[in-house]
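# Architecture and fold: a report
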Amino acid sequence: DVATSANFKSDYYSNGGHVEEMERKFAKLLGKEAAMFVPTGTLANHLAIRKLAGSDRRVLVQAESHLYNDSGDGAETLSGLNLIPLALGKANVELAEIKSWVERSAGGRVPTKVGVISIESPVRRKNHEHVDFGELERISQYAREKGIRLHLDGARLFNLPLHTGKSIQQYTALFDTAYVSLWKHFNGASGAILAGDASFIEGLFHTR
């Protein structure tokens, strides 16, 4: 029994112990300064976009994404975020459509800044198709120029190197935060990892 073994390091409400060791390992795998264990991927996505958005409550997402379809409008109901669905019926989201929404938001009677772009890749609802890497690079560069934060819903991220030849860290470097599922790749019973800068992760366990 793992929990009764002599070298088992217990956590305290998912802080410290073996949980912390796992968080450090995943932060390194994902090329981020820090990481946090989260019970579900739905919560990981929600925590990420909520904190990244700050006071800029408009969030661009794919219409086919888990965040938009399968989270029960939790981001809107619990955190007052406004999710704008893009790329209807497609896995790939294009910079041109993102630019159009950023400009439309800024040019309204009451200007509304886009705070976050959240991208899922691979996209489960589109038979695990992935977003074109070159397009991700262009979106990331544009977002940086505009001061828009970026979140990667990478529930199935560890599938991508096999199909694209790009490394995990090449993907995550384009985003401020990234989430990966622990049961889709790593045979965990449940759980997820949310990774980002140390300043982003610090204290976030209270919100969790």
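Here we summarise the structure given alongside this text.

Here is what the cut-offs are and how they apply
- Residues numbered from 1 in each chain as written.
- Predicted model: local features only at pLDDT ≥ 70, side-chain atom pairs only at ≥ 80, totals over all residues.
- Heavy atoms only, no water.
- Helix = DSSP H or I, 4+ residues; strand = E, 2+ residues; numbered from the N terminus.
- Rg over C-alpha atoms; globule rule 2.2 N^0.38 Å.
- Buried < 20%, exposed > 50% of the residue type's maximum accessible area, 1.4 Å probe, protein only.
- Contact = heavy atoms within 4.5 Å.
- Areas by Shrake-Rupley, 256 points an atom, 1.4 Å probe, with all protein chains shown as cover.
- Pairing = 2+ DSSP bridges.
- Polar contact = N/O pair within 3.5 Å; in protein donor to acceptor, adjacent residues only side chain to side chain.
- Salt bridge = Lys/Arg side-chain N within 4 Å of Asp/Glu carboxyl O.

### Re the overall build of the protein
Across its full length, the protein carries eleven helices and seven strands. The C-alpha atoms of the protein give 17 Å as radius of gyration, which agrees with the globular expectation for 208 residues (17 Å, within 12%). Along the first, second and third principal axes, the C-alpha set of the protein runs to 65 × 35 × 30 Å. Across the 208 residues that make up the protein, the buried fraction comes to 46%. Expressed as a percentage of contacts within the protein between residues at least 6 apart in sequence, the contacts between residues at least 24 apart total 69%. Split by element, the accessible area of the protein, about 10,400 Å² in all, is 49% carbon and sulfur.

### Re the pairing of strand β4 (residues 114-120)
For β4, the tally of buried residues reaches seven of seven residues, placing the bulk of the element in the interior. In this sheet, β4 lies alongside strand β2 (residues 58-62) in parallel orientation, the contact comprising three bridges. Residue pairing for β4: R58 is matched across the bridge by V114. Across five bridges, β4 lies against strand β5 (residues 149-153) in parallel orientation. Each bridged residue has a counterpart across the sheet, and for I119 the counterpart in β5 is L152.

### A word on the environment of R208
Relative to the helices and strands, R208 is located in the segment after α11 (204-207). Taking C-alpha positions, R208 is 30 Å from K126, a pair spaced 82 residues apart along the chain. Beyond its immediate stretch of four places on either side in the chain, R208 contacts Y13, S14, N15, E23, M36, F37, V38, P39, L43 and L47. A polar contact of 3.2 Å, which involves the side chain of R208, links it to the side chain of N15.

### Re unusual backbone geometry
Geometrically, the link from S121 to P122 is a cis peptide bond, its omega value of -5° lying close to zero. By secondary structure assignment, the location of P122 is in the loop between β4 and α6 (133-146). One non-glycine residue, D73, lies in positive phi territory at about 55°. Mapped onto the elements of the fold, D73 is located in the loop between α3 (66-69) and α4 (74-79). Judged by relative accessible area, which is 44%, D73 ranks as partly exposed. Although it is not a glycine, A87 sits at a positive phi angle of roughly 55°. With respect to the secondary-structure elements, A87 resides in the loop between β3 (82-86) and α5 (95-106).

### What about the pattern of salt bridges?
Considering all chains together, one arrives at eight salt bridges under this definition. D70 serves as the salt-bridge partner of R125, at 2.7 Å between the closest nitrogen and oxygen. One end of the pair, R125, is in the loop between β4 and α6; the other, D70, is in the loop between α3 and α4, and 55 residues separate them in sequence. Residue class for R125 comes out partly exposed when judged on its relative accessible area of 40%. With a shortest N-O distance of 2.7 Å, R138 and E135 are connected by a salt bridge. Taken together, the residues span about one helical turn, with R138 and E135 both in helix α6 at a distance of three residues. A relative accessible area of 42% places R138 in the partly exposed class. With a relative accessible area of 12%, E135 lands in the buried category. Each of D70, R124 and R125 takes part in one network of salt bridges that share partners.

By themselves, these are just geometric observations and shouldn't be taken as functional.
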